[in-house]
Amino acid sequence: LGFEAHPWSQFVAQTKTIWDVIPGDLVEAASAIEGKARRVFKRQGIETLSNSIPPDLALRELTIDEHKLLIKGSIDPLPLHRVLTLRDMIRAKSRGKTRNLLILALARALPTKIGNLHFGPEVGVRGSRLDADVIGEWLKNVNRFAADLTACRSTDAVSSIVIHTDSRTIRFPEYENTVSAVITSPPYPNEKDYTRTVRLESVLLGYMSDKSQLRKIKKGLLRSNTRNVYVDDVDDAFLPKRFPELDQITTEIEERRIRMGKDSGFEKNYARVTMQYFGGMARHLEGLKSLLKPGAKLAYVVGDQASYLRVLIRTGRLLSEIANSLGYETERLELFRTRRATATKSELREEVLVLRWPG
């Protein structure tokens, strides 16, 4: 059972946890679409990769609103034309779980094999790719998926469901007192805009088409960065009590901001988004109680942060205190790995917070 607030990520998670598709059927469906796509590209004069566009070819494009959502330079015109053409063929010539896997295979190639994105750790644009082997990269992933499905045959009877919902507002009476274990890695308060990471796939595959849809998605996410915090946010009101360490952190962030003369709209929200983050996690933990069996175990992978003017936030320790105040028991806060902070080059702890719900 999964909860995912971003519609594209929900599609990915649900597709990757369905294992009863026959691998041969997947490959056969892809082969038929490949043949049709290659014939179309041949008629258009782009059968082979090219650094120039035939003068009489009217390239397929995104709408103005869709284009505005992309990071500038994410994908070049000719690869984009190929992607949109193949996407529509997949939709027209396949169905159900097979279609979902074929769409996912295309999406997997989009950022770095077809588009111009790189991740390190933030998403950005690197260079330009005037053309790309869209069909070839797609087929590589289809064949990889088929091999994975073959290996998963023993689990094809295992059921799973991933629900598109905000994990801060969990209300599912049909699952009350059914969950015995939870494992997740929520966002950290680290100024990372998670919608940018999958923006190219979300736009090209129809999960986001204008800024209003982007805003709606952002409002459904845990507040972890200043690009998804809003005037009417009140998650901090869900904190069960005052936490001196959290108050000290937010006060230090604000005092340092004033002292450094940082007065942009984003910087003014650093202290506020920190409170909204921990309030949102409290809201999640409170709502989760109704689903848990007595004795349920929970594991949260969380990391210390210093993204807000280098003020250290001990995320795991604070979440442990919040969980305890809500009736959970902390079994341990275990070091998972250390990461080097981008700005300060200091070592930050990434930990697994293991909780128990006594009932």
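Computed from a predicted model, the values in this text were never measured in an experiment.

1. Comments concerning the nonpolar core
(1) Moving on: Counting 52 residues, the largest nonpolar core has Leu-102, Leu-106, Ile-114, Trp-138 and Leu-204 as the members making the most contacts within it.
(2) Moving on: Of all the elements in the fold, those that place two or more residues in this core are helix 1 (7–16), helix 2 (23–43), helix 4 (77–93), helix 5 (96–114), helix 6 (134–151), helix 8 (199–204) and helix 9 (211–219).
(3) Moving on: At 10 residues, helix 5 tops the list of elements feeding residues into this core.
(4) Moving on: Apart from the residues within four sequence positions on either side, Ile-114 is in contact with Ile-75, Pro-79, Val-83, Leu-106, Ala-109, Arg-129, Ala-132 and Val-134.
(5) Moving on: Among the nonpolar cores identified, the runner-up in size contains 46 residues, and Leu-239, Phe-278, Val-302 and Leu-353 belong to it.

2. Focus: the pairing of strand 8 (residues 347–357)
(1) Moving on: With 8 of its 11 residues buried, strand 8 lies for the most part within the structure.
(2) Moving on: Relative to strand 8, strand 7 (residues 329–340) is paired through 10 bridges, and the arrangement is antiparallel. Bridging across to strand 8, Glu-334 finds its partner in Val-352.

3. A short note on the sheet that holds strand 7
Hydrogen bonds between backbone atoms are what pair the strands of a sheet, whose relative direction is either parallel or antiparallel.
(1) Moving on: An order of 5-6-8-7 is seen for the 4 strands of this open sheet, with the pairing classed as mixed. Unpaired on one side and paired on the other, strand 5 (179–184) and strand 7 mark the two borders of the sheet. The sheet shows a mean angle of 10 degrees between the axes of neighbouring strands, taken without regard to direction.
(2) Moving on: Its contacts with the sheet put helix 11 (residues 270–288) on strand 5, strand 6 (292–303) and strand 8, and the angle it makes with strand 6 is roughly 160 degrees.
(3) Moving on: Sheet strands touched by helix 12 (residues 315–325): strand 6, strand 7 and strand 8. Its angle to strand 8, the strand with the most contacts, is close to 20 degrees.

4. Overview of the pattern of salt bridges
(1) Moving on: Scanning the model with the defined rule gives 27 salt bridges in all.
(2) Moving on: For Glu-34, the salt bridge goes to Arg-38, with nearest N and O atoms at 2.9 Å. Of this pair, Glu-34 and Arg-38 both sit in helix 2, separated by 4 residues, roughly a single helical turn.
(3) Moving on: Note that Glu-334 and Arg-332 form a salt bridge whose closest N and O atoms lie 2.7 Å from each other.
(4) Moving on: The structure contains a network of salt bridges with shared partners spanning Arg-60, Arg-87, Asp-88 and Arg-91.

Thresholds, definitions, all that
- Residues numbered from 1 in each chain as written.
- Predicted model: local features only at pLDDT ≥ 70, side-chain atom pairs only at ≥ 80, totals over all residues.
- Heavy atoms only, no water.
- Core = buried A, V, L, I, M, F, W, Y, C linked by side-chain atoms within 4.5 Å.
- Buried < 20%, exposed > 50% of the residue type's maximum accessible area, 1.4 Å probe, protein only.
- Helix = DSSP H or I, 4+ residues; strand = E, 2+ residues; numbered from the N terminus.
- Contact = heavy atoms within 4.5 Å.
- Pairing = 2+ DSSP bridges.
- Axes fitted to C-alpha atoms, helices over the stretch in contact; angles between N-to-C directions.
- Salt bridge = Lys/Arg side-chain N within 4 Å of Asp/Glu carboxyl O.

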